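As a plain string of letters, each chain reads:
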Amino acid sequence: MTYPGGSGNRLLARLPAADFDLLMPEFENVALNQDTVLLRAGDPTEHVFFPHSGAISLMVEMANGQTVATALVGREGAIGSLSVLGPSPSAITAVVRITGTASRISASRFYAAFNKSSAIRVALQNHIRATLIQLQLGTACNALHPVKARMGRWMLHLLDHIDDDVLPLTQETLAHILGVRRPTVTLLMRSLRASGAIKSDKRGQIVIDRARLSIMACECHATMRRQLEEVFR
Ligand SMILES: [Zn+2]
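Residues numbered from 1 in each chain as written. Predicted model: local features only at pLDDT ≥ 70, side-chain atom pairs only at ≥ 80, totals over all residues. Heavy atoms only, no water.

A. Examining the overall build of the chain more closely. The helix and strand tally for the chain stands at nine helices and 10 strands. Per-residue burial over the chain gives 49% buried out of 233 residues. For the chain, the proportion of contacts with a sequence separation of at least 24, taken over those separated by at least 6, is 72%. Counting only carbon and sulfur atoms, one obtains 52% of the accessible surface of the chain, whose full area is about 11,300 Å². Between the mean site of the 25 positive side-chain charges and the mean site of the 19 negative ones, the chain shows a separation of 6 Å. (Helix = DSSP H or I, 4+ residues; strand = E, 2+ residues; numbered from the N terminus. Buried < 20%, exposed > 50% of the residue type's maximum accessible area, 1.4 Å probe, protein only. Contact = heavy atoms within 4.5 Å. Areas by Shrake-Rupley, 256 points an atom, 1.4 Å probe, with all protein chains shown as cover. Lys, Arg positive; Asp, Glu negative; His and termini not counted. Charge placed at Lys NZ, Arg CZ, Asp CG, Glu CD.)

B. The arrangement of the coordination of the zinc ion in detail. Around the zinc ion, the protein contributes the donor atoms C141 (SG), H145 (ND1), C218 (SG) and C220 (SG), which lie 2.1 to 2.4 Å from the metal centre. Between the four donor atoms coordinating the zinc ion, the angles at the centre fall across 98 to 117 degrees, so the site counts as tetrahedral. All donors of the zinc ion belong to a single chain; written as a sequence motif, their spacing is C-x3-H-x72-C-x1-C. Of the two residues, H145 is situated in the loop between helix 4 (118–144) and helix 5 (147–159) and C218 in the loop between helix 8 (210–216) and helix 9 (220–231); the sequence distance between them amounts to 73 residues. Both residues of the pair, H145 and C218, count as buried. (Donors = N, O, S within 2.8 Å, 3.2 Å for Na, K, Ca; no water. Tetrahedral: all angles 85-135°; square planar, octahedral: opposite > 155°, others 65-115°.)

C. Main features of the sheet that holds strand 4 (residues 55–61). In spatial order, the strands read 2-6-4-5; together these four strands make up an open sheet with antiparallel pairing. Two strands lie at the open edges of the sheet, namely strand 2 (37–39) and strand 5 (67–73), each paired on one side alone. Taking each pair of neighbouring strands and ignoring which way they run, the sheet shows an average axis angle of 35 degrees. Relative to strand 5, helix 5 is tilted by about 35 degrees, and along the sheet it contacts strand 5 and strand 6 (93–98). Helix 6 (residues 171–178) contacts strand 4, strand 5 and strand 6 of the sheet and is inclined by roughly 90 degrees relative to strand 5. (Pairing = 2+ DSSP bridges. Axes fitted to C-alpha atoms, helices over the stretch in contact; angles between N-to-C directions.)

D. Main features of the packing of aromatic side chains. A full pass over the atoms with the stated rule returns four aromatic pairs. Residues F27 and F50 carry aromatic rings whose centres are separated by 5.8 Å and whose planes lie at 75 degrees to one another, so their mutual orientation is edge-to-face. You can see F27 sitting in the loop between helix 2 (17–23) and strand 1 (28–32) and its partner F50 sitting in strand 3 (residues 47–51), a full 23 residues away along the chain. Grouping residues by exposure puts F27 and F50 together as buried. When the ring of Y111 is compared with that of F114, the centres are 6.5 Å apart and the planes differ by 15 degrees; the resulting orientation is stacked. One end of the pair is Y111 and the other is F114, both in helix 3 (residues 107–116) and three residues apart, which spans about a single turn. Judged by its relative accessible area of 40%, Y111 falls in the partly exposed class. (Phe/Tyr/Trp six-rings, centres within 6.5 Å; stacked < 30°, edge-to-face > 60°.)

E. The domain arrangement of the chain, seen in detail. Its domain assignment divides the chain into domain 1 (10–139) and domain 2 (146–217). Between the C-alpha centres of domain 1 and domain 2 there is a distance of 25 Å. Domain 1 puts 19 residues into the contact, and the matching count from domain 2 is 14 residues. Together, the buried faces of domain 1 and domain 2 total about 1,200 Å²; carbon and sulfur atoms form 64% of this surface. For the domain 1 face of the interface with domain 2, the top three residues by lost area are L72, R97 and I98, together amounting to 42%. Along the contact surface separating domain 1 from domain 2 lie zero salt bridges. The interface formed by domain 1 and domain 2 holds four residue pairs in polar contact (both at pLDDT 80 or more) in total. (Domains from an automatic or database assignment. Buried area = accessible area lost by both parts, 1.4 Å probe. Salt bridge = Lys/Arg side-chain N within 4 Å of Asp/Glu carboxyl O. Polar contact = N/O pair within 3.5 Å; in protein donor to acceptor, adjacent residues only side chain to side chain.)

Here you go:
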């Protein structure tokens, strides 16, 4: 970890050096390993994570064990940062989907810096705006668009957080993210392979043709991406 401009995390990268220095001595560099749970629903938020790379999905679990992803957080956001709104159990479970790295700080130290720095408060406001955009568009998409288009949206959103066109995801993980049964994902993958949007799907490595997948996906990925870029412009 060096100074703001060199940070992979976009919230940190925009902080003036003096504000970043309120956080830096407290940061620990941590690896984000795929499938690691950073925060569990019902638990208090003990740490705030600022990813520099990788992607984490926010998951909601129903009483019967069904899960669905509500948002994705990568280098443009933070996990656990809404703890500044007041102590309460986490409403979501945060699971690493794409391996990466992050800077981690205790929630209490982050709260202290948040109270001292207007720039950190502005960064948090941007993160909250970006999260609300995802939640609102995601809610509309889940209600209005068919599951194949939604799977395309999630795959494109996940691809935005990696450098190539290979998604390191199993069909089971996709089922958890989409809130559907695994056989449904198998059928959808077959259909996407037939259309050329997915080139292959072996051993949890999904090779994607982005241009073709964009045609199969609903408009929500492009809309979300455009609105999120406006937040960080
Ligand atoms: Zn949609």
